[in-house]
Amino acid sequence: PIRTYKGSIFRMAGCLVVSYKWQSYDEVPDEVSAKPQLVGKSSNGSEFRLNMSEWQLRTLLKVLSNDQYEYVWIDKIAVPQDNSEHQFTLLARMMAVYAAARTTIVLRSLESNLFRYHQRAWTAQEFCCANTTLIYDQTRELEEVPTKSRELSLYLKKIHHDKSLPRSSIDSEKEMFEILRHNISDNIGQATPFWLCEDELPEVVGVHCLYKYAVLAGIANCQNEKDKVRALLPMVSNLVMGKEDEYEKVIRQLEVQASLESNSTNSPSMDPKRIVEGIWKQWHSNKSEHPQHGGQDFFSEQFKLN
């Protein structure tokens, strides 16, 4: 069995944290030709399926064999998947997990459009909040294969012209998220628990946070629309929120600030009032996205990376 441990700030200091696009049987493209891997049982006797593709798991094991990490943290195993209060409490601490870890391994796997690593809300938070990153890109690895089959060579040529084909990332995504990561990581040390500023948000939390949210929400998709708010709002506001009412109080305060602001950008999509309206719609949504839909909403229609 795989041994499990209780997390602590001291254990995270020697920990490799895994950031990856979750896999499921109906999402893995044919080109990946690998299903989620059954790993086994944890030390408490519970059986779990580690939802990683063959490439993701193989890359993780390669890194572990070449470096000395005391622990490995994988969200699918470490965080309960039961929509409980315990789960939401842990989700509120995800920024701290990735910021405190020794290294975050970023696995940019080959994915269909709307499912790429940099198109997901939770991996956006993980990437931007990571203390140190170790990035592996499946498309780049395929390009570096010394002896390619004819089929692989043709496929690699096609993906440069056909944007509908599965790939790991596109240049504009990588460039934008590198800039965003440096911006977020420079300030994450000053992240404030919401209960310390419940009556009045810090001055740094203003309408500019709404602009960041709008751009990110237009790119990053999420299986559950409400989870998009949970993943992105703490990151752009640098506030740590746990309970549902804390998110709602922050949105209401941002709504008040938005009502006092004029739209200086002259762009309807960047109107602070419309952005808050979009956040409320996501927050009150009880539906999950269709696997082929990708979570397209108001934000997705306004912001697209080509």
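Undergrad: I tried to follow the pairing of strand E6 (residues 133-137) on my own but got confused; where do I start?
TA: For a regular strand, side-chain orientation follows a simple rule: the groups alternate between the two sheet faces. The sheet contact formed by strand E5 (residues 103-108) and E6 spans 5 bridges and is parallel. Note that in E6 the partner of isoleucine 105 across the bridge is leucine 134. Of the crossover connections in this fold, the one passing from E5 over helix H6 (residues 121-129) to the parallel E6 is right-handed.

Undergrad: Please clarify how the confidence of the model for the chain should be interpreted in this entry.
TA: The predicted coordinates should not be examined in detail at positions where pLDDT is low. Residues at a pLDDT of 70 or more form 81% of the chain, whose mean pLDDT is 81. Contacts for the low-pLDDT stretch residues 27-34, under 50 throughout, to residues beyond four places or in other chains number 17 contacts. Taken together, the stretch residues 290-296 has pLDDT below 50 and engages in 15 contacts with residues farther than four places along the chain or on a different chain.

Undergrad: What is the right way to read the pairing of E5 from this model?
TA: Most of E5 is tucked away: 6 of the 6 residues are buried. Across the two faces of E5 the burial is the same, with Thr103, Ile105 and Leu107 and Thr104, Val106 and Arg108 all buried.

Undergrad: Which parts of the structure should I look at to understand the packing of H6 against helix H11 (residues 225-237)?
TA: In helix packing, the relevant descriptors are the interaxial angle and the interaxial distance, both defined with respect to the helix axes. Running from amino to carboxyl end, H6 crosses H11 at an angle of 20°, the nearest separation of the two axes being 8 Å. With respect to their mutual orientation, H6 and H11 come out roughly parallel. Of the two elements, H6 crosses H11, and the hand of that crossing is left-handed. For the pair H6 and H11, the contacting residues are Ala121, Trp122, Ala124, Gln125, Cys128 and Cys129 in the first and Asp227, Lys228, Arg230, Ala231, Leu232 and Met235 in the second. Classifying every residue of the contact of H6 with H11 by side-chain character gives 8 nonpolar, 1 polar and 3 charged.

Undergrad: Is there a simple way to think about unusual backbone geometry in this case?
TA: A negative phi holds for most residues other than glycine; trans holds for most peptide bonds. Backbone geometry at leucine 114 places phi at a positive 85°, although glycine is not the residue there. The exposure class of leucine 114 is buried, given its relative accessible area of 18%. One non-glycine residue, asparagine 238, adopts positive backbone phi at about 60°. The topology assignment puts asparagine 238 in the loop between H11 and strand E8 (239-240).

Undergrad: Before we go on, may I ask you to explain the packing of aromatic side chains in this structure?
TA: Geometry of an aromatic ring pair is reported as the spacing of the ring centres plus the angle between the planes. The tally for this structure, following the rule as stated, stands at 4 aromatic pairs. Where tryptophan 73 meets tyrosine 98, the ring centres are 5.9 Å apart and the plane angle is 80°; that geometry is what we call edge-to-face. Of this pair, tryptophan 73 sits in strand E4 (residues 71-73) while tyrosine 98 sits in helix H5 (residues 94-100), and the two are 25 residues apart along the sequence. Per residue, the accessibility class of tryptophan 73 equals that of tyrosine 98, and both read buried. Summarising the aromatic geometry, the rings of tyrosine 247 and tryptophan 283 are spaced 5.2 Å apart at their centres and angled 25° between planes, so their arrangement reads as stacked. Taken as a pair, tyrosine 247 in helix H12 (residues 244-259) and tryptophan 283 in helix H13 (residues 272-283) lie far apart in primary sequence, 36 residues in all. Pair check on accessibility: tyrosine 247 and tryptophan 283 agree, each one buried.

Conventions and cut-offs
Residues numbered from 1 in each chain as written. Predicted model: local features only at pLDDT ≥ 70, side-chain atom pairs only at ≥ 80, totals over all residues. Heavy atoms only, no water. Pairing = 2+ DSSP bridges. Helix = DSSP H or I, 4+ residues; strand = E, 2+ residues; numbered from the N terminus. Right-handed = clockwise from strand over helix to strand, strands pointing away. pLDDT = per-residue confidence, 0-100. Contact = heavy atoms within 4.5 Å. Buried < 20%, exposed > 50% of the residue type's maximum accessible area, 1.4 Å probe, protein only. Axes fitted to C-alpha atoms, helices over the stretch in contact; angles between N-to-C directions. Parallel < 35°, antiparallel > 145°, perpendicular 65-115°, else oblique. Left-handed = near helix turned anticlockwise from the far one by under 90°. Nonpolar A, V, L, I, M, F, W, Y, C, P; charged D, E, K, R; others polar. Phe/Tyr/Trp six-rings, centres within 6.5 Å; stacked < 30°, edge-to-face > 60°.

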